[in-house]
Amino acid sequence: MNITERFLKYVSFDTQSAEDAGTTPSTAKQLDLARYLRDELTELGLTEVELDENGYLYATLPANTAKNVPTVGFIAHMDTSPDCSGAGVKPRIVKAYDGGDITLDAAAGIVTSPAKFPELLDHVGEDIIVTDGHTLLGADDKAGIAEIVQAMAYLLAHPEIEHGKVRVGFNPDEEIGLGAHKFDVAKFGCDWGYTMDGGEVGELEFENFNAAAAKVEVTGVSVHPGYAKGKMVNAARVATEFAAALPAGATPEATEGYEGFFHLTGMEGCVEHAQLSYIVRDHDRAKFEEKKQLLHDVAAALNARYGEETVKLTVTDQYYNMRQQIEPVMHVIEIAQDAMRAAGVEPRVRAIRGGTDGAQLSFKGLPCPNIFAGGLNFHGPHEFLPVPSLEKAMATVVEIVRLTAARAL
């Protein structure tokens with residue numbers, strides 16, 4: 001089975017995760033793919049294949065050398081985003097893309113156009129896998145799974161490539177921020193790892209946002225509006241004051257690069273009660289702490305104005321910038337860069353404007369930068385995956401394994 005065939009098989013599984021399910025995995029259907037992968041890895045000849053009760057799958061490619069080679073791991077997630085359906089995915093391969101519009105569904109008028117998605121033009125002449133316009137594709141992160149599995153199959157078929165012990169880990173629920181929570185780092189037993197969960201070919205990421213979630217709950221005082229002067233506290237209006245007190249330019253739609261933001265993800269309210277939900281992001285830890293403090297300052301100012309029990313603020317840290325965990329082991333990045341070049345890819349180091357399982361795993365003791373998986377326009381029907389990018393990511397995995405052994409004493 002070639003890598004494209006593997007990928008197309010994996011996307012036939014609906015593995016959409018679900019917010020607030022309270023279970024791991026958050027959806028039982030993720031286990032369908034997990035069981036398939038367990039059997040596939042066993043048939044390939046990997047050892048120590050284990051699927052635990054939470055849907056985490058681990059396996060080993062045994063070393064074929066007596067050298068003292070570090071154990072390296074490769075990780076990808078099985079779930080797809082709750083933002084768009086992953087049921088009944090109908091992928092299609094556009095052969096030798098010509099640079100024009102790609103019609104996904106003519107009857108519905110759904111078209112993926114380079115006018116809107118100019119990144120398509122970087123892949124003219126390549127075979128591109130697209131959707132039918134009604135689901136996401138699932139390259140995030142079934143492309144990563146396919147690349148890892150294909151690399152293991154390649155290494156088993158080419159014993160002349162000297163390598164140490166390699167570990168494989170596939171986890172559920174990354175898309176809802178819980179992918180690393182029950183990942184058993186001790187059992188995984190690696191010196192370092194890589195998540196194959198990036199985007200465009202060449203991406204290598206070892207910086208990400210520091211992240212927090214904030215919930216603002218406003219308790220109002222409801223009084224007949226005709227007799228409300230000096231008595232009413234309108235919770236909905238107080239909530240809008242809270243939102244207006246934050247910097248207008250510090251939002252996702254107004255920031256880029258290393259700029260952080262406050263993102264209002266939800267709001268609801270009436271006179272008696274209102275609620276705001278935010279995520280807070282910044283690459284710089286000091287600026288991150290300043291943003292969280294600003295939330296507390298705004299809440300305190302509103303309580304001073306309307307009464308101490310008016311605004312209740314809860315801020316919860318979610319994850320931190322993995323850079324501080326990677327900097328002491330920069331050889332992990334150097335090996336990845338050299339591996340990409342050996343695979344015919346020019347590395348493009350960039351900071352993630354988001355998070356990754358690798359960030360959480362890095363703080364659990366497993367240094368784990370993120371490598372491209374090759375897909376683009378994730379989480380929607382215009383998602384696409386150039387086949388050469390899929391193949392180059394697989395080759396990068398093989399080269400990391402080879403170079404790690406080559407550099408060992």
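The coordinates are above.
Cut-off values and rules
- Here the residue numbering is sequential within each chain, running from 1 through the sequence in written order.
- A pLDDT threshold of at least 70 governs which residues receive local features in this predicted model, and a stricter bar of 80 or more applies before side-chain atom pairs are shown or counted, although totals over entire chains, interfaces and linings include all residues.
- Hydrogens and water molecules were not included; the side-chain quantities draw on all heavy atoms of the structure.
- Put simply, two rings from Phe, Tyr or Trp (the six-membered ring, in Trp's case) pair if the centres are within 6.5 Å, and we call them stacked under 30 degrees between planes, edge-to-face over 60, tilted for the rest.
- In this text, helices come from DSSP runs of H or I with a minimum length of four residues, and strands from runs of E with a minimum of two, each type numbered from the N-terminal end.
- Relative accessibility thresholds used throughout: buried, under 20% of the residue-type maximum; exposed, over 50%; partly exposed, between the two (1.4 Å probe, protein chains only).
- We place a 1 Å grid over just the protein atoms. Points where a 1.4 Å probe fits but has no way out form a cavity, open points with protein on both sides within 12 Å along at least 5 of 7 lines form a pocket, and any residue with an atom within 4 Å of a point lines it.
- Grid points are joined across faces, edges and corners, and a volume is the space filled by probe spheres set on the points.
- In this classification, Asp, Glu, Lys and Arg are treated as charged, Ala, Val, Leu, Ile, Met, Phe, Trp, Tyr, Cys and Pro as nonpolar, and every other residue, Gly included, as polar.
- By definition, the arc is the one covered by directions from the helix axis to the C-beta atoms.
- The criterion used for residue contact is that any of the two residues' heavy atoms lie within 4.5 Å.
- As used in this structure description, the phrase polar contact means that two N or O atoms lie within 3.5 Å; if the pair is within protein, one of them must be able to donate a hydrogen and the other to accept it, and residues adjacent in sequence are counted only when both atoms belong to side chains.

Peer 1: Would you explain the packing of aromatic side chains in this entry?
Peer 2: Where two aromatic rings form a pair, the distance of their centres and the angle of their planes describe that pair. This structure, assessed with the given rule, holds ten aromatic pairs. Geometrically, the ring pair formed by Phe74 and Tyr194 is stacked, given 5.9 Å between the ring centres and 25 degrees between the ring planes. Here Phe74 is found in strand 3 (residues 72–77), whereas its partner Tyr194 is found in strand 9 (residues 192–198), with 120 residues between them in sequence. Accessibility expressed as a relative area gives 0% for Phe74, which makes it buried. Looking at Tyr194, the relative accessible area reads 0%, which means it is buried. Ring centres of Tyr320 and Phe363 lie 5.8 Å apart, and the angle between their planes is 65 degrees; on these two criteria the pair is classed as edge-to-face. On the criterion of sequence distance, the pair formed by Tyr320 in the loop between strand 14 (311–319) and helix 7 (323–326) and Phe363 in helix 9 (residues 357–363) is long-range, its members being 43 residues apart. Classification of Tyr320 as partly exposed rests on a relative accessible area of 24%. Grouping aromatic residues by their ring pairs yields a cluster made of Tyr56, Tyr58, Phe183 and Phe188.

Peer 1: Quick question: what am I supposed to make of empty space enclosed by the protein here?
Peer 2: Sizing a probe to match a water molecule and rolling it over the atoms shows the empty space that remains. Counted by the stated rule, this structure contains one cavity of 30 Å³ or more. Taken together, Val69, Pro70, Val72, Gly164, Lys165, Val166, Val401 and Thr404 form the lining of the largest cavity. A class-by-class count of the residues in the lining of the largest cavity yields five nonpolar, two polar and one charged.

Peer 1: Can you walk me through unusual backbone geometry in this structure?
Peer 2: In terms of backbone geometry, most residues other than glycine have negative phi values and most peptide bonds are trans. The omega torsion of the bond from Thr24 to Pro25 falls at 0 degrees, within 30 degrees of zero and hence cis. Looking at the element boundaries, Pro25 is found in the loop between helix 1 (3–10) and helix 2 (30–44). Note that the residue after Asp140, namely Asp141, is joined by a cis bond; omega there is 15 degrees. If you trace the backbone, Asp141 turns up in helix 3 (residues 139–157). One non-glycine residue with positive phi stands out, namely Ala96, at about 45 degrees. Tracing the backbone shows Ala96 in the loop between strand 4 (92–94) and strand 5 (102–105). Owing to a relative accessible area of 47%, Ala96 belongs among the partly exposed residues under this scheme. Positive phi, close to 65 degrees, is recorded for Asp173, a residue that is not glycine. With respect to the helices and strands, Asp173 occurs in the loop between strand 8 (166–171) and helix 4 (185–188).

Peer 1: Mind showing me how you'd approach helix 1 here?
Peer 2: Owing to its 3.6 residues per turn, the α-helix aligns residues three or four sequence positions apart on the same side. Buried residues of helix 1: Ile3, Thr4, Arg6, Phe7 and Tyr10, and no others. In an axial view of helix 1, the angular spread of the buried residues amounts to 160 degrees, which keeps them on one side of the axis. Buried residues belonging to helix 1 abut helix 2, strand 4, strand 7 (128–130), helix 3, strand 17 (384–386) and helix 10 (387–406). The opening residue of helix 1 is Asn2, an N-cap whose side-chain oxygen sits 3.1 Å from the backbone nitrogen of Thr4.

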